[in-house]
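# Overview (structure and organization)
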Amino acid sequence: MKIAVCIKRVPEMDVRFKIAPSGTSVDETGLKWDMSDFDGYAVEAALQLTEKLGNGEVVVVTVGPDAAQETLRKALSMGVTRAVHLKVDAIPFDNFAIARALATELQGGGYDLILFGKMSIDSSNGAVGPITAELLNLPCVAAASKLEIANGKGTARRELEGAAELLEFPLPAVVSIDEGVARPRYPSLKGIMAAKKKPLEVKPAQLGDLRMTVSTMALPPDRPPGRILGEGVAAVPELVRLLQTEAKVL
Amino acid sequence: MANNILAFAESRGGDLRKVAYEAVTAARALADATGGEVHAVVAGPSGITAKAGALGTYGADAVTVVEHPAFADYNPEALAAFVAERAKGGGYRVVVLIASAQGKDLAPRVAGKLGVPLASDLTTIRLDGDKVVGTHPVNTGKVIATVTLTANPAVVSLRPGAVTAAEKPRTARIETAAPAGDPAASRVKVTQTIAGNTAKLDLGDAPVIVSGGRGLKAAENFKLVEELAAAFGNAAVGATRAVTDDGWRPHSDQIGQTGRQVSPNLYVAVGISGAIQHLAGMRTSKTIVAINKDPEAPIFKVADYGIVGDVLEVVPALTAAVKAAKGH
């Protein structure tokens, strides 16, 4: 079983972002970076699948600047076999261009399964996985909350609004992973030491034209300052009055 | 340059979903700017054609319908092939989908087939000359990106609820079409659609959401949230991740960064402290009410109206007051 997992280096989110002077990106000063949350679930799912089968190889691939190699090393320290860095100066917002770079790398790689996180936690498009599947002409399930592989076939579950659906598909396939599939393990000290010796190949990313760009980034307008109407049950009549007369939602 | 706009009208179980009307409404606004027509596409099992006329009410000039038993459940490959084929054939300026659970799966497939990027989960969209410009919350909603698409066609998905479906009646031409290829031959097959509680309003459709957190103290106290939702009458029940992780509520009820993102007219946060992961899922709600015992809770920073107090006392009083205001 040969599995590729496409991952992304993203900033940690529990900060107050500032906009860079260019106005088209966030100010990276002082940000901490890590593997995108859902990509961590995908790496873990890939490791568990190969461990269960007792053989196989997990390869991580990323498109990013030099610093993205930290994220690849983290995956290697979790137990991934080798890593491929598709190098760019800055990650473009154009998800077709990223999918094209990944598909160029993955094409002909003999992968049984290509996993993604269901979306990156920063740009939140959820598009690179399915577009890559289209470019490779592979079956695809987006945002799987359960995934099982047996006898060359996959089964998955997807959460819908107030419902869910079960799917089956042949391999090779592309699956993007929702949380719930597998909680990512922490790298062990032994894993971290071993990761330093694992192969990490660097190549230029074949992005092609960029046809979707960020023209500005801005902080969302602050909500008008909230009002604490009062304490306890005594404040309920005033709340109901405001919901009727001011917010007009009752 | 092409002036027409293509809208994908989502259906489930042989009925159009609310987001179908949102897609057509958004497409109508774009077509009014270009002077073009809105063409909607619908796929479903036998009988779906009878539902297609309703799209004219929201401004569709033409509706192309494909009926096939293999469209009874979501059929991602056949549906993407069909929408992409229509998009190629018509020379459209913009292809509009809604980023529902189905749309999040379908839209990037359609973009991939058309060889273009997807501007996904937009909260606004407009034309700027030959470009399409939209806004998209990034970094868990803490930053708003304005995204410019120069691809042709521009394929976009809009956040559910970002556009309010509005009637602009016209008599739509209804055309039937054959699927692109054999829908029964799709490699990815939905083997079962597990219905939730269909009597329950979905979080994406409900104008009011009453949501509960750990401040309710125990799973059985969630009935207070349900009773308040029932008093509003048009409300769905949501929950924080802490609550769904503890099994008080199903995972599908979770609102937040890793759960559902919602924008109802009214969001009532009951016993929710307002962790950033939760705020990421509901901060775009039009009016936010918070009830929490801790006056320093971050939820009060985003709430339009707050009550500091014990939810176990305040919520039943609010339920009674809402019932009285609604006249029942």
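Above: the structure in question.
Now for a quick tour of the structure. Note that the structure is predicted; figures quoted are calculated from it, not measured.

On to the overall build of chain B, then. A count of helices and strands for chain B gives ten helices and 18 strands. Its C-alpha atoms give chain B a radius of gyration of 21 Å, near enough to 20 Å, the size a compact globule of 328 residues would have. Principal axes of the C-alpha set define a box for chain B whose edges measure 60 × 40 × 40 Å. When each of the 328 residues of chain B is scored for burial, the buried share is 60%. For chain B, long-range pairs separated by at least 24 residues make up 65% of all intrachain contacts whose partners lie at least 6 apart in sequence. By element, 51% of the accessible surface of chain B is carried by carbon and sulfur atoms, the whole surface being about 11400 Å². Averaging the coordinates of the 33 positive side-chain charges in chain B and doing the same for the 30 negative ones gives two points 3 Å apart.

Our focus in this paragraph is unusual backbone geometry. Along the chain, Leu 171 of chain A connects to Pro 172 of chain A via a cis peptide bond; the corresponding omega equals -5 degrees. Its location among the elements puts Pro 172 of chain A in the loop between strand E9 (163–170) and strand E10 (173–177). Of note, the bond from Asn 152 of chain B into Pro 153 of chain B is cis; its omega dihedral lies within 30 degrees of zero at 0 degrees. You will see that Ser 124 of chain A, though not glycine, has its phi angle at about 55 degrees, which is positive. Residue Ser 124 of chain A is classed as buried on the basis of its relative accessible area of 11%. Residues other than glycine seldom take positive phi values, yet Asp 121 of chain B does so here, at roughly 55 degrees. With respect to the secondary-structure elements, Asp 121 of chain B resides in strand E7 (residues 118–122).

Further remarks concern the sheet that holds strand E13 (residues 227–231) of chain A. The strand order across the open sheet built from six strands is E13(A)-E18(B)-E17(B)-E16(B)-E14(B)-E15(B), with neighbouring strands paired in parallel fashion. Each edge of the sheet is formed by a strand with only one pairing partner; in this case those strands are E13 of chain A together with strand E15 (235–239) of chain B. Strand-to-strand, the axes of this sheet are offset by a mean angle of 20 degrees, without reference to chain direction. With four bridges joining them, E13 of chain A and strand E18 (residues 305–308) of chain B adopt parallel strand pairing. Within the sheet, the bridge partner assigned to Ile 228 of chain A lies in E18 of chain B and is Gly 306 of chain B. Contacting strand E16 (266–270), strand E17 (287–292) and E18 of chain B, helix H10 (residues 311–326) of chain B crosses the sheet at an angle of about 135 degrees to E17 of chain B.

Our focus in this paragraph is the interface of chain A and chain B. On the chain B side, the residues contacting the 79 residues of chain A number 83 residues. Buried area between chain A and chain B, both sides added, is near 6500 Å², and the carbon and sulfur share of it is 57%. It is Glu 161, Arg 211 and Arg 223 of chain A in chain A that bury the most area against chain B; as a group they hold 13% of the surface buried on that side. Applying the counting criterion to the chain A and chain B interface returns three salt bridges.

To continue, consider helix H6 (residues 222–232) of chain B. When H6 of chain B is considered as a whole, its buried residues turn out to be Phe 222, Leu 224, Val 225, Leu 228, Ala 229, Ala 231 and Phe 232 of chain B. With its phi angle positive at about 85 degrees, Gly 233 of chain B sits one or two positions after the end of H6 of chain B.

The nonpolar side chains of a soluble globular protein tend to be buried, and buried together. Of all hydrophobic cores here, the largest spans 143 residues; its most connected members are Val 5, Leu 102, Leu 113, Ile 114 and Leu 115 of chain A together with Leu 55 and Val 96 of chain B. Among the elements that line this core, the one with the most residues is helix H1 (residues 18–34) of chain B, at nine residues. Those residues in contact with Ile 114 of chain A, other than ones at most four positions away along the chain, are Ala 4, Cys 6, Leu 106, Leu 136, Leu 138, Ala 173, Val 174 and Val 175 of chain A. Residues Val 210, Val 243, Tyr 305 and Val 315 of chain B belong to the second largest nonpolar core, which totals 33 residues.

What follows concerns the side chain of Thr 146 of chain B. Considering the arrangement of structural elements, one finds Thr 146 of chain B in strand E10 (residues 143–149). Take Thr 146 of chain B: its relative accessible area is 17%, and that puts it in the buried class. Aside from chain neighbours lying at most four places away, what touches Thr 146 of chain B is Thr 213, Val 214, Ser 215 and Thr 216 of chain A together with Val 133, Gly 134 and Thr 135 of chain B.

Glancing now at the pairing of E10 of chain A. Residues and elements named next belong to chain A. Counting buried positions along E10 gives five out of five residues, so the element sits mostly inside the fold. By the bridge criterion, five bridges tie strand E6 (residues 113–117) to E10 in an arrangement that is parallel. In the strand pairing of E10, Ile 114 is matched with Val 174. Examined bridge by bridge, strand E7 (residues 140–150) and E10 share three bridges and lie parallel to one another. Looking at E10, one finds that Cys 140 is bridged to Val 174.

Reading guide: rules and limits
Residues numbered from 1 in each chain as written. Chains lettered and ligands numbered in written order. Predicted model: local features only at pLDDT ≥ 70, side-chain atom pairs only at ≥ 80, totals over all residues. Heavy atoms only, no water. Helix = DSSP H or I, 4+ residues; strand = E, 2+ residues; numbered from the N terminus. Rg over C-alpha atoms; globule rule 2.2 N^0.38 Å. Buried < 20%, exposed > 50% of the residue type's maximum accessible area, 1.4 Å probe, protein only. Contact = heavy atoms within 4.5 Å. Areas by Shrake-Rupley, 256 points an atom, 1.4 Å probe, with all protein chains shown as cover. Lys, Arg positive; Asp, Glu negative; His and termini not counted. Charge placed at Lys NZ, Arg CZ, Asp CG, Glu CD. Pairing = 2+ DSSP bridges. Axes fitted to C-alpha atoms, helices over the stretch in contact; angles between N-to-C directions. Buried area = accessible area lost by both parts, 1.4 Å probe. Salt bridge = Lys/Arg side-chain N within 4 Å of Asp/Glu carboxyl O. Core = buried A, V, L, I, M, F, W, Y, C linked by side-chain atoms within 4.5 Å.

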